[in-house]
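Take a look at the letters that make up each chain.
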Amino acid sequence: MTLSIHSDEHYMREALKQALLAKEEGEIPVGAVVVANNRIIARAYNQVEKLNDPTAHAEMLALTAAANYLGTKYLSDCSLYVTLEPCGMCAGALYWGQLGKLVYAAADDKRGYTILNPKLIHPRTEVVRGPFAGEAGALVVDFFKNLR
């Protein structure tokens, strides 16, 4: 079942809340939620610094939590809402998990999967870009401006 634009916006707002948690902890402000049957089953935010783990991206943590919740490695009936375009590593994980739908807010013009290789996403995964792109992008830009 395809979710309406209103639902996409609702779930992206929830992902933005996760991004703000990352920002509060000094992490790159990226948040993600996984939805199945119109219900959030996993929430996560970047925890690379906190966990001292280069793979602890919001998407990776959310996918792991969703797979554990569902008891399966395949997420073909799930949607992932993430505030920043997934990197190559995360896109590869989404591919192997056969994600049903990916909705991301801001593009990542330096490390996003579309720059690296658009084929990293599974061919059956529906991809939607844009809800709250400006707000999500500003969070990341401001984060890096404050580091300098």
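Residues numbered from 1 in each chain as written. Predicted model: local features only at pLDDT ≥ 70, side-chain atom pairs only at ≥ 80, totals over all residues. Heavy atoms only, no water.

In the annotation of an unreviewed UniProt entry, the entry for the protein chain reads tRNA-specific adenosine deaminase, and the organism field reads Fulvivirga imtechensis AK7. According to UniProt, the comment filed for the protein chain under the heading Subunit (unreviewed entry) is "Homodimer." (UniProt positions renumbered as here; feature names shortened; annotations may be inferred.)

Colleague: When you look at the pattern of salt bridges in this model, what are you seeing that I'm missing?
Modeller: Think of it this way: side chains of opposite charge can pair up when their charged atoms draw near. Taken as a whole and assessed by the stated rule, the structure comprises four salt bridges. Across the pair Lys101 and Asp8 runs a salt bridge, and its minimum N-O distance is 3.1 Å. One end of the pair, Lys101, is in strand S4 (residues 101-106); the other, Asp8, is in helix H1 (residues 5-24), with 93 residues separating them in the sequence. In terms of burial, Lys101 and Asp8 fall into one category: buried. Across the salt bridge formed by Glu25 and Lys50, the nearest N and O atoms sit 3.7 Å from each other. Remark: Lys50 occurs in helix H2 (residues 48-51) and Glu25 occurs in the loop between H1 and strand S1 (31-36); sequence separation between them is 25 residues. Taking relative accessible area as the criterion, Glu25 reaches 39% and is therefore assigned partly exposed. A single network of salt bridges, built from pairs that share partners, joins Glu14, Lys17 and Arg43. (Salt bridge = Lys/Arg side-chain N within 4 Å of Asp/Glu carboxyl O. Helix = DSSP H or I, 4+ residues; strand = E, 2+ residues; numbered from the N terminus. Buried < 20%, exposed > 50% of the residue type's maximum accessible area, 1.4 Å probe, protein only.)

Colleague: Before we go on, may I ask you to explain the layout of surface pockets in this structure?
Modeller: Think of a ball as big as a water molecule: rolled over the atoms, this probe shows where empty space is left. Volume-wise, the largest pocket comes out at about 680 Å³. Residue lining of the largest pocket: 25 residues in total, with Ile28, Leu84, Asp108, Val140 and Phe144 positioned closest to the centre. Top element by residues in the lining of the largest pocket is helix H6 (residues 133-147). It accounts for five residues. Of the residues in the lining of the largest pocket, the class split is twelve nonpolar, three polar and ten charged. (1 Å grid on protein atoms, 1.4 Å probe; cavity = no way out; pocket = protein on both sides within 12 Å on 5 of 7 lines; lining within 4 Å. Points joined across faces, edges and corners; volume = space filled by probe spheres on them. Nonpolar A, V, L, I, M, F, W, Y, C, P; charged D, E, K, R; others polar.)

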